[in-house]
Amino acid sequence: MGMHVYDADFYRYIGEGSLRSARLVIAALRRRLPLAVDAVLEVGCGGGAWLAAWQALGCELCGV
């Protein structure tokens, strides 16, 4: 069984992938939602990559 090292490089790698995913999914949602999203609540936000993607679009945020 391999050992995993949860260091700064690991979290940077995970964060970059999460941010890429968030940008793609949010773009798809925005094309399909009939109303503009101006506030986001994320429960279980971890490092906040998804919140960062919403914030870049000008949304108010609450992460728990």
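Our structure is the block above this text.
This text gives an overview of the structure that appears in the document. Predicted model only: the values in this text are computed from it and were never measured.

### Concerning the pairing of strand S1 (residues 39–42)
In S1, alternate side chains face the same way, and those of Val40 and Glu42 are buried while those of Ala39 and Leu41 on the opposite face are not. When S1 meets strand S2 (residues 60–63), the two strands line up parallel, connected through four bridges. Along S2, the bridge assignment pairs Val40 with Leu61. Remark: the S1/helix H2 (residues 49–55)/S2 crossover connection has right-handed handedness.

### Examining the environment of His4
If you trace the backbone, His4 turns up in the segment before helix H1 (8–32). Judged by relative accessible area, which is 60%, His4 ranks as exposed. Along the backbone, His4 and Ala53 are 49 residues apart, and their C-alpha atoms lie at a distance of 28 Å.

### Some points on the environment of Gly48
Along the chain, Gly48 turns up in the loop between S1 and H2. Residues Gly48 and Leu19, spaced 29 residues apart in sequence, show a C-alpha to C-alpha distance of 8.8 Å.

### Brief notes about the packing of aromatic side chains
Under the criterion given, the structure shown has two aromatic pairs. Three or more aromatic residues joined by ring pairs make a cluster, and in this case those are Tyr6, Phe10 and Tyr11.

So, how was this worked out
Residues numbered from 1 in each chain as written. Predicted model: local features only at pLDDT ≥ 70, side-chain atom pairs only at ≥ 80, totals over all residues. Heavy atoms only, no water. Buried < 20%, exposed > 50% of the residue type's maximum accessible area, 1.4 Å probe, protein only. Helix = DSSP H or I, 4+ residues; strand = E, 2+ residues; numbered from the N terminus. Pairing = 2+ DSSP bridges. Right-handed = clockwise from strand over helix to strand, strands pointing away. Phe/Tyr/Trp six-rings, centres within 6.5 Å; stacked < 30°, edge-to-face > 60°.

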